[in-house]
Amino acid sequence: MVERPVVIRDAALGTAIAVRRMVYLALTYDHRIVDGPDAARFLTDVKQRLERGAFDV
């Protein structure tokens, strides 16, 4: 994780620049078994869960 400046949109503040922790995630898969759209949906779900802090199933 590294801290980076990002643009955020907040109801109270409007658009602002804030420091947020960022991490890059990568996914490799066998395209003969897993379709690209399925892998993209999985990564999108992982990203949303991490952003929300929703670690339970």
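What comes next is a walk through the structure. What you see is a predicted model, and the numbers here were worked out from it, not measured in a lab.

### Some words on the pairing of strand S2 (residues 14-22)
Taken together, the nine bridges between strand S1 (residues 2-10) and S2 define a ladder with antiparallel strand orientation. Residue pairing across strands places Ile8 opposite Ala16, the latter belonging to S2. Connecting S1 to the next strand, S2, in antiparallel fashion are three residues.

### Things to note about the pattern of salt bridges
Across all of its chains, the model carries three salt bridges by this definition. Asp38 serves as the salt-bridge partner of Arg41, at 2.2 Å between the closest nitrogen and oxygen. Residue Arg41 and its partner Asp38 are located together in helix H1 (residues 36-52), separated by three residues, close to a single helical turn. Its relative accessible area of 52% is what places Arg41 among the exposed residues. The partner of Asp45 in a salt bridge is Arg49, and the shortest N-O contact between them spans 2.9 Å.

Parameters at a glance
Residues numbered from 1 in each chain as written. Predicted model: local features only at pLDDT ≥ 70, side-chain atom pairs only at ≥ 80, totals over all residues. Heavy atoms only, no water. Pairing = 2+ DSSP bridges. Helix = DSSP H or I, 4+ residues; strand = E, 2+ residues; numbered from the N terminus. Salt bridge = Lys/Arg side-chain N within 4 Å of Asp/Glu carboxyl O. Buried < 20%, exposed > 50% of the residue type's maximum accessible area, 1.4 Å probe, protein only.

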